[in-house]
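Inside the fold
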Amino acid sequence: MLLKPRELSRRSALGRPPGFLLNALDLLHSTDHELVAFARSGSEKAYRELLDRYQRPVFSLVYRMVRDRELAEDLAQETFVKVFNRLESYNPKYKFSSWIFKIASNLAIDTLRKKGLDTISLDGSRNARTSEEVESSRIAVASGDESPEELLEAKELGEEIETAIARLRPEYRTAILLRHVEGRPYEEIAEIMEVPLGTVKTYIHRARGELREQLAHLRIET
Amino acid sequence: MPATSAHLTAETLEQLAEGSLPPAAATGAHTHLEACSCCASELDAIQCLFTLLGKLTRFAPSASFGDGVMARVQLAQESRVLALLRRLLPTTRRGWAMISVAVTAPAMPLIALVLWLLTLPLISPAAVIQWGLLQTQSAAQTAFAWLIDGALGSGLFGWAATSYTTLQTIPSSALGGGIAFLAIAIPLSGWGLVRLTRTPVGRVSHAN
């Protein structure tokens, strides 16, 4: 985000303000790179702001990968802890978002491989033993603001889409979620997934093809 | 592009649906789509898929998520003094007991002496308090006298008289201007300080 000229001149004249002088405006108007610099200088507020910016995107990506709320929270927390404890090694040449998504998706894919969860349960955690645990580990798809009919319809539609995405290979799933939920450009997705740009395009193209097949019956209804 | 001989590729249709096809190619593709119902139908399907995927929202983690993360994070560059104190402070009850003994042991003889004095018949608590008050009063008088002597010796009063005479020579308009400047500058600088040190209030999430 661009800073106002007055703000820029203040910063250029005084250098970076120390952590205790940072106010809400500084943090909200700061870029990710600036926040990382503030955090490196020991500002807890900067850590909190980075957490606020990325907790939902990271958690959503991981949750849709592993489809288990408890596991997803653990993995998302692990992602932030790794990122925050390694801020000194962060290279500002790359986007902060690419770095954090890379760690999150690697953790999620590693977990899926370790646990052999490629063919994951669509109706809740495998580890759930009681009906309450199953229900709490299912992906909730409605926002809660709809009428009962709309709620049911939205829930069914959401479940159909989530189910179709869950059936994709983990690599396809990561690519399609980063593209369509996070709106990341192909180049950044390639950076996050550490694969060539052409491979990302192939992943997304094939994922779209599979989704179209699985969701073909929804076409007339929508 | 002939409408029937060469259909648009899936990549072209996806780029068209995303709006990332270069303008010239997009114009050609639209011309083709007008004449080719097959490609138009394919584009519809892709756009429909994009609409469905657009319905996906982000999920929120539990309310304790952030605190859970921060509890496990080693904040960068912790103050050296704090870090040293953290290392020095005991972590067990035994450690605290040892620290307490180490701090109070040197004072024990003094405390014992005071207690012994208080047991003597001539030294009552009231007499000790009265003696302390007299000593304090005497010390205050000595300090006040020393300050007055020092002020007279350093020529402070002479300096004040000179300053007053100098101020009288300054034109009243310049003096008024100076006072007005200070009256504006002081509150402004105070406001600036308050703004700089203000604590952030509320949180604006960038997610969703």
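Residues numbered from 1 in each chain as written. Chains lettered and ligands numbered in written order. Predicted model: local features only at pLDDT ≥ 70, side-chain atom pairs only at ≥ 80, totals over all residues.

What about the overall build of chain A?
The test is simple: Segments assigned H or I by DSSP are reported as helices when at least four residues long, segments assigned E as strands when at least two residues long, and all are numbered from the N terminus. To sort residues by burial, count the other C-beta atoms lying within 10 Å of each one's C-beta; a count of 20 or more means buried, 12 or fewer means exposed, and anything in between means partly exposed. C-beta atoms are built from the backbone. Throughout, a residue-residue contact means that the two C-beta atoms, derived from backbone geometry, are no farther apart than 7 Å.
Regarding its fold elements, chain A presents 12 helices and zero strands. Here chain A holds 222 residues, and the buried ones make up 36% of them. For chain A, the share of sequence-separated contacts (at least 6 apart) that also reach a separation of at least 24 residues comes to 55%.

Let's talk about the overall build of chain B
When helices and strands are tallied, chain B shows 10 helices and zero strands. Secondary structure elements in chain B, listed N-terminal to C-terminal, are α-α-α-α-α-α-α-α-α-α. Considering chain B as a whole, with its 208 residues, one finds that 8% of them fall into the buried category. In chain B, the share of contacts with a sequence separation of at least 24, taken over all contacts with a separation of at least 6, comes to 60%.

Here's the deal with the nonpolar core
To keep things clear, this is the line we draw: Each nonpolar core consists of buried Ala, Val, Leu, Ile, Met, Phe, Trp, Tyr and Cys residues. Their C-beta atoms, within 7 Å, join them into a set.
A:Val62, A:Ala104 and A:Ala175 are the most contacted members of the largest nonpolar core, which has 54 residues in total. When residues in this core are grouped by element, the largest group, 12 residues, is from helix α4 (residues 44–66) of chain A. Those residues in contact with A:Val62 that lie beyond four places of it in its chain are A:Ala72, A:Leu75, A:Ala76, A:Ala104 and A:Ala108. Core analysis: the next-biggest nonpolar cluster, separate from the first, contains nine residues, B:Leu16, B:Ala17, B:Leu21 and B:Cys39 among them.

Focus on the packing of helix α6 (residues 96–115) of chain A against helix α10 (residues 186–193) of chain A
All names here are of chain A. Stated formally: Convention adopted: a line fitted to C-alpha atoms gives each axis, helices being fitted over their contacting stretch, and angles between N-to-C directions are expressed from 0 to 180 degrees. Note that the term roughly parallel is reserved for angles under 35 degrees, roughly antiparallel for angles over 145, roughly perpendicular for angles of 65 to 115, and oblique for everything else. Left-handed describes a crossing whose near helix is turned anticlockwise from the far helix by less than a right angle; the clockwise case is right-handed. Side-chain classes follow a simple rule in which Ala, Val, Leu, Ile, Met, Phe, Trp, Tyr, Cys and Pro form the nonpolar group, Asp, Glu, Lys and Arg form the charged group, and the remainder, Gly included, forms the polar group.
Packing of α6 against α10 leaves a shortest axis separation of 8 Å and a crossing angle of 50 degrees. By the angle between their axes, α6 is oblique relative to α10. Judged by the sense of rotation from one axis to the other, the crossing of α6 with α10 is right-handed. Residues Ser 98, Phe 101, Lys 102 and Ser 105 of α6 form the contact with α10, whose participating residues are Glu 188, Glu 191, Ile 192 and Met 193. Of the residues in the contact of α6 with α10, the class split is three nonpolar, two polar and three charged.

Side note on the packing of helix α1 (residues 10–18) of chain B against helix α3 (residues 37–54) of chain B
All names here are of chain B. Viewed as axis vectors pointing N to C, α1 and α3 meet at an angle of 55 degrees, and their least axial separation amounts to 9 Å. Classed by the angle they form, the pair α1 and α3 counts as oblique. Handedness of the α1/α3 crossing: right-handed. Along the contact surface, α1 presents Leu 13, Glu 14, Leu 16 and Ala 17, while α3 presents Cys 39, Glu 42, Leu 43, Ile 46, Gln 47 and Phe 50. Residue composition of the contact of α1 with α3, by class: seven nonpolar, one polar and two charged.

Observations concerning the confidence of the model for chain A
Residue and element names in this part refer to chain A. Using the following cut-off: Scored between 0 and 100, pLDDT is the confidence that the predictor attaches to each residue.
Per-residue pLDDT for chain A averages 78, and the proportion of residues at 70 or more is 69%. Per-element confidence in chain A is highest for α10, whose mean pLDDT is 94, and lowest for helix α1 (residues 5–14), whose mean pLDDT is 41. Under a pLDDT of 50 for its full length, residues 1–15 has, in the predicted model, five contacts with residues more than four places off or in other chains. Across residues 133–137 the pLDDT falls below 50, and counting only partners more than four positions away or on other chains, this stretch makes 13 contacts in the model.

Quick notes on helix α2 (residues 23–35) of chain B
For the record, the criterion: Here the expected length of a helix is defined as 1.5 Å per residue gap, with one fewer gap than residues.
The end-to-end C-alpha separation of α2(B) is 19 Å, in line with the 18 Å expected for 13 residues at 1.5 Å each. For α2(B), a buried count of one out of 13 residues is recorded, marking the element as mostly open to its surroundings.

A word on helix α3 (residues 32–40) of chain A
Residues and elements named next belong to chain A. The condition is simple: For this quantity, the arc is that covered by the directions from the helix axis to the C-beta atoms.
Among all positions of α3, only Asp 32, Leu 35, Val 36, Phe 38 and Ala 39 are buried. Seen end-on, α3 carries its buried residues on one side only, within an arc spanning 160 degrees. One or two residues past the end of α3 sits Gly 42, with phi positive at roughly 100 degrees.

Describing the confidence of the model for chain B
Residues and elements named next belong to chain B. Here chain B averages 81 in pLDDT, and 87% of its residues register 70 or above. Averaged pLDDT values over the elements of chain B bottom out at 68 in helix α5 (residues 80–88) and peak at 90 in α2. Across residues 200–208, where pLDDT falls below 50, the model places 18 contacts with residues more than four positions away in sequence or in other chains. For this predicted complex, the interface confidence reaches an ipTM of 0.70, while the overall pTM sits at 0.58.

Looking at unusual backbone geometry
Residues and elements named next belong to chain A. Residue Arg 67 is not a glycine yet carries a positive backbone phi of 55 degrees. Relative to the assigned elements, Arg 67 resides in the loop between α4 and α5 (69–85). With phi around 55 degrees, Glu 194 is a residue other than glycine that occupies positive phi space. Here Glu 194 is to be found in the loop between α10 and α11 (197–214).

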